Amino acid sequence: MLMIVLTRSVQVNGAPHLVGDVVTAADEDARYLLHAGQARMATAEDIRTARNPRPASEVRRLQEAQAIKGGPRPQRRG
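Everything numeric here is computed off the predicted structure, so don't read it as measured data.

A. Expanded view of the overall build of the protein chain. Helix and strand counts for the protein chain come out as three helices and five strands. Each helix and strand of the protein chain, ordered N terminal to C terminal, gives the series β-β-β-β-α-β-α-α. Burial analysis of the protein chain (78 residues in total) assigns 24% to the buried set. Summarising the internal contacts of the protein chain: among those between residues at least 6 apart in sequence, 53% fall at separations of at least 24. By element, 52% of the accessible surface of the protein chain is carried by carbon and sulfur atoms, the whole surface being about 6,000 Å².

B. The confidence of the model for the protein chain, seen in detail. When pLDDT is averaged along the protein chain, the result is 83; 81% of the residues meet or exceed 70. For the protein chain, the element scoring lowest by mean pLDDT is helix α3 (residues 56-70), at 73; strand β5 (residues 39-41) scores highest, at 95.

C. Spotlight on unusual backbone geometry. Even without glycine at this site, Asn 13 takes up a positive phi of about 55°. Structurally, the position occupied by Asn 13 is in the loop between β2 (10-12) and β3 (15-17).

Scoring rules and cut-offs
- Residues numbered from 1 in each chain as written.
- Predicted model: local features only at pLDDT ≥ 70, side-chain atom pairs only at ≥ 80, totals over all residues.
- Heavy atoms only, no water.
- Helix = DSSP H or I, 4+ residues; strand = E, 2+ residues; numbered from the N terminus.
- Buried < 20%, exposed > 50% of the residue type's maximum accessible area, 1.4 Å probe, protein only.
- Contact = heavy atoms within 4.5 Å.
- Areas by Shrake-Rupley, 256 points an atom, 1.4 Å probe, with all protein chains shown as cover.
- pLDDT = per-residue confidence, 0-100.

What follows is the structure, encoded as structure tokens:
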């Protein structure tokens with residue numbers, strides 16, 4: 001398993017991920033993404049400062065669930 005940083009939004013391990021995500025991929029998948037120019041090898045700094053390891057679809061689902069819990073947003077007046 002290799003840690004890579006995505007340079008394009010692609011699907012990895014069956015889930016969509018965004019640009020800049022640090023993901024762990026199988027060796028064959030990581031080599032394919034590296035060769036295609038869609039990723040680069042992750043450095044220790046990339047791993048330490050990784051923003052969110054969750055797939056984009058899960059983040060979107062959590063944001064939608066949170067928006068529903070909070071109810072409608074107040075409308076700005078004037």
